[in-house]
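Residue-level structural notes
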Amino acid sequence: MTDLLAATTMSTATDAAPAPGPAPTVDHIATPLTDARAQLAEAIGLLGYENGLHQMLATPRRELTVAVPLRLDSGESRLYIGHRVQHNFSRGPAKGGLRYAPNVNLDEVRALAMWMTWKCALLDVPYGGAKGGLAIDPREHSMAELERVTRRYTSEILPIIGPERDIPAPDIGTDEQTMAWIMDTYSVNSGYTVPGIVTGKPIALGGSQGRASATSRGVTHIALAALRHVGLDPARSTAAVQGFGKVGADAARFLSAAGVRVTAVSDQYGAILNTGGLDVEALSEHVRATGSVVGFPGGDALDGADLLTQDVDLLVPAAVEGVLHDGNAGDVLARVIVEGANGPTTPAADRILRERGILVVPDILANAGGVIVSYFEWVQANQAYWWRADEVESRLEERMLSAWQHVLGYAEARDLSLRTAATALAVERVAEAHRLRGLYP
Ligand code: NAD
């Protein structure tokens, strides 16, 4: 395979205009993008914005689809398709993670980019939203192959990224090593070192203290506040965590350290249960050694789907989108759901859970710890001045808890779900920036 096969398309997503009218109510047509647009439509209805503004906010400003050829260690080559979607720039440079997963597609990346815009606005970090994806299974590749494919993907999207344009970060299937390769590729092409091009990079390259665990710390701050809000004592509460990756594993660890009994955990291979409480540190060791929670001797095997309907106080979905839907929301027994993942709850499930009195803390609030410390990392890199871990942690906690109070107050004053309140607050901020800047020309 030669580079002649590498094709690049760049567009503004005119096919992404929202379908005016009511939000879809049937889950079998739900996708992350229909979910994201339904949530936006609800917020727009509440805010009373006109259709032109609605269309603008529902449509990414810029999309780039690239073909990424990879030379395998065997000498053969393969072609992968990648995307970078920049949803909005009204409040600053676009910001968002990069996902490596076999089922990545443009619509999913569009939805994730839109959620990033709302998350950054809600937490008042001066960014718009973006997301990237490469349709690849990283587990099928050696480190050398992952390095080559990352460098080639970076080269293909180079024209639209930059520390003042669009700043990638880790997401599913990528990590700080991926960020180091992106930083190096971008820097070599610039002729000088540009640490602000990515966040979530290794500390030795200008990464921030506390970035690796920031999303999980934020999830934990919010989970403890939400449990107390519904009258539960965290030290007497139980939790189930779906996904044991960068977000789920540390969330389980921090919750456990805070006294919450974590009784069930899952990953893409299966789940485990111990109603007496899992030893999360020992489980992490097991995952490091075997690659999965499956077979952990300190728990019993559980069907992955049953994790979501465990009889626990707190459920933390921290894996993928759309896992709570109209087929299982009626069976959820948790009192509080804190969304570590992006988009784990469909709008139909949201309605069912609200009717059943289950408090759902939405992704754009609950998992915002990562982008907050990414912002801190970008600020530190731009100033070449680094903060202590305790400074990062206290500023993270302060921002998370003040956003929690703000969203809670807004929701209670208007009898809204936390998701509708959070989305409306965020959309209002983006719309205000757009209004102040005016429409060019
Ligand atoms: P990761 O690749 O480190 O971990 C993903 C985990 O989910 C793995 O344990 C995997 O086995 C598991 N998983 C995948 N499919 C599953 C399924 N169907 N059922 C159960 N488990 C499954 O990814 P991550 O960075 O931890 O991201 C997880 C979620 O959190 C994603 O939605 C991501 O967008 C979101 N998120 C991540 C960050 C971050 O800083 N990494 C920040 C905000 C939000």
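Let me sum up the structure you'll find in this document. (Residues numbered from 1 in each chain as written. Predicted model: local features only at pLDDT ≥ 70, side-chain atom pairs only at ≥ 80, totals over all residues. Heavy atoms only, no water.)

With that settled, consider the site of the ligand. Neighbouring the ligand are 22 residues; Asp171, Thr215, Lys246, Gln268 and Asn342 lie closest to it. Measuring from an oxygen atom of the ligand, one finds a backbone N or O atom of Lys246 at 2.9 Å. With respect to the ligand, the backbone of Val247 contributes an N or O atom lying 2.9 Å from an oxygen atom. If the ligand stood free it would expose 820 Å²; the protein chains cover 83% of that surface. At the level of secondary structure, the elements contributing two or more residues to the shell around the ligand comprise helix H7 (246-257) and strand E8 (261-267). In the shell around the ligand, the residues fall into seven nonpolar, 10 polar and five charged. (Near = heavy atom within 4 Å. Polar contact = N/O pair within 3.5 Å; in protein donor to acceptor, adjacent residues only side chain to side chain. Areas by Shrake-Rupley, 256 points an atom, 1.4 Å probe, with all protein chains shown as cover. Helix = DSSP H or I, 4+ residues; strand = E, 2+ residues; numbered from the N terminus. Nonpolar A, V, L, I, M, F, W, Y, C, P; charged D, E, K, R; others polar.)

Now for the sheet that holds strand E11 (residues 314-317). The pairing of strands in a sheet comes from backbone hydrogen bonds and takes either a parallel or an antiparallel form. Pairing is mixed across the open sheet formed by seven strands, whose spatial order is E10-E9-E8-E7-E11-E12-E13. Only two strands of the sheet have a single neighbouring strand rather than two, namely strand E10 (300-302) and strand E13 (359-361). Taking each pair of neighbouring strands and ignoring which way they run, the sheet shows an average axis angle of 20 degrees. Where E11 and strand E12 (residues 336-338) come together, two bridges link them in parallel fashion. Bridge assignment links Leu315 to a residue of E12, and that residue is Ile337. (Pairing = 2+ DSSP bridges. Axes fitted to C-alpha atoms, helices over the stretch in contact; angles between N-to-C directions.)

All right, on to the packing of aromatic side chains then. Under the criterion given, the structure shown has five aromatic pairs. A ring pair is formed by Tyr127 and Tyr375, whose centres lie 5.9 Å apart and whose planes are at 90 degrees; its orientation type is edge-to-face. Separated by 248 residues along the polypeptide, Tyr127 in the loop between helix H3 (106-122) and strand E5 (128-134) and Tyr375 in helix H11 (residues 369-383) bring together distant segments of the chain. A relative accessible area of 0% means that Tyr127 is categorised as buried. Through a chain of ring-to-ring contacts, the aromatic side chains of Tyr127, Tyr375, Phe376, Trp378 and Trp387 assemble into a single cluster. Between Arg395 and the ring centre of Trp387, over which it is positioned, the NZ or CZ distance is 4.0 Å. The aromatic ring of Tyr410 is capped on one face by Arg414, whose charged end is 3.7 Å from the ring centroid. (Phe/Tyr/Trp six-rings, centres within 6.5 Å; stacked < 30°, edge-to-face > 60°. Buried < 20%, exposed > 50% of the residue type's maximum accessible area, 1.4 Å probe, protein only. Lys NZ or Arg CZ within 6 Å of the ring centre and 35° of its normal.)

Next up on the list: the pairing of E11. Along a regular strand, successive side chains alternate from one face of the sheet to the other. Burial along E11 is two-sided: the face carrying Leu314 and Val316 and the face carrying Leu315 and Pro317 are both buried. Pairing between strand E7 (residues 238-242) and E11: four bridges, direction parallel. In the sheet register, Val241 faces E11, and the bridge partner there is Val316.

Two numbers describe how helix H12 (residues 389-414) lies on helix H13 (residues 418-437): the axes approach to 8 Å, and their chain directions differ by 105 degrees. Considering their axes alone, H12 and H13 lie roughly perpendicular with respect to each other. Facing Trp404, His406, Val407, Leu408, Tyr410 and Ala411 of H12, the residues of H13 in contact are Leu418, Ala421, Ala422, Ala424, Leu425, Glu428 and Arg429. Classifying every residue of the contact of H12 with H13 by side-chain character gives 10 nonpolar, one polar and two charged. (Parallel < 35°, antiparallel > 145°, perpendicular 65-115°, else oblique. Contact = heavy atoms within 4.5 Å.)

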